Amino acid sequence: MFRTGETVVRRGLFPDGRIAYVQCGRVVHDDDRGLLTWVAAGSATLRRETPDGTPTRSWPRYRAMDVPTLLAPGTWEPYGTLMLTRPGERHSVWWSFDRDGAFVGWYVNLESDAGRGPSGTDHVDHALDLLVAPDRRSWRWKDEEEFADLTGRPGFWDLAGAAEVRAEGERMAALASAGTFPFDGTWRDFRPGPDWGPSTLPALWDLPSQVLQRPER
């Protein structure tokens, strides 16, 4: 279990196991409800770019995987975000807040759990996401074109896998419409501690998730 206030990373992996991107935040709690982290606006991130500095975030994922790339530093913008990650789940749920602390909606990131290590958690992103309005009366898919483009390509999901991803999104949409956790108002009034500014990368951010023990200090 991670300690409250500890800085951890949330790493997205390519299907071949390489790190695609890194987010970092402070632990709010880590218990039977899952790992809840606060990613303040301005927190450090890492994303792939080519050796000449061209970002690959907007490229098709299979193209970005097929050329030499490096992880380059950036920042998390524009929202402060609570991220709830639960072992074995095929999604994570994010609460987004503007700079004034107002809640602006939920983001459901559809993904597969790729394990936990000494620096945080790993997952493989499924491209398709869900945006839920604060009143829960409306929701919409995000990145449907990318999801369709990746379906059936080597290393990604086939038609049956795509149907499972979409079914998970529909299940989460039904929970939102019913006002069931995590869409029941929990943490909508969250405020970070006064000293919880933007997070920086911890020293062990790139340690493989298979390493289960943190070194003694």
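This report concerns the structure included in the present document. Just so we're clear, the structure is a prediction, and the values are computed from it rather than from any experiment.

1. As for empty space enclosed by the protein
1) Next: As enumerated under the stated definition, the model contains two cavities of 30 Å³ or more in all.
2) Next: Taken as a whole, the largest cavity spans an internal volume of roughly 70 Å³.
3) Next: Val8, Val9, Arg10, Gln23, Cys24, Gly25, Leu35, Thr37, Val39, Met83, Thr85 and Thr121 are the residues that line the largest cavity.
4) Next: Classifying every residue of the lining of the largest cavity gives six nonpolar, five polar and one charged.
5) Next: Considering only enclosed or pocket space, the second largest cavity measures out at about 50 Å³ in volume.
6) Next: Lining the second largest cavity are Arg10, Thr85, Arg86, Glu89, His91, Glu111, Asp113, Thr121, Asp122 and His123.
7) Next: Sorting the residues of the lining of the second largest cavity by element identifies β8 (103-117) and β9 (120-132) as the ones contributing at least two each.

2. Some words on the packing of aromatic side chains
1) Next: Scanning the entire structure with this criterion turns up 12 aromatic pairs.
2) Next: On the numbers, 5.6 Å between centres and 85° between planes, the contact of Phe156 with Trp157 is edge-to-face. The residues Phe156 and Trp157 share a single accessibility class, namely buried.
3) Next: Through successive ring pairs, a cluster of aromatic residues spans Trp38, Phe97, Phe103, Trp106, Phe183 and Phe190.
4) Next: Sitting over the face of the ring of Trp59, Arg63 holds its NZ or CZ atom 3.7 Å from the ring centroid.

What counts, and where the lines are drawn
Residues numbered from 1 in each chain as written. Predicted model: local features only at pLDDT ≥ 70, side-chain atom pairs only at ≥ 80, totals over all residues. Heavy atoms only, no water. 1 Å grid on protein atoms, 1.4 Å probe; cavity = no way out; pocket = protein on both sides within 12 Å on 5 of 7 lines; lining within 4 Å. Points joined across faces, edges and corners; volume = space filled by probe spheres on them. Nonpolar A, V, L, I, M, F, W, Y, C, P; charged D, E, K, R; others polar. Helix = DSSP H or I, 4+ residues; strand = E, 2+ residues; numbered from the N terminus. Phe/Tyr/Trp six-rings, centres within 6.5 Å; stacked < 30°, edge-to-face > 60°. Buried < 20%, exposed > 50% of the residue type's maximum accessible area, 1.4 Å probe, protein only. Lys NZ or Arg CZ within 6 Å of the ring centre and 35° of its normal.

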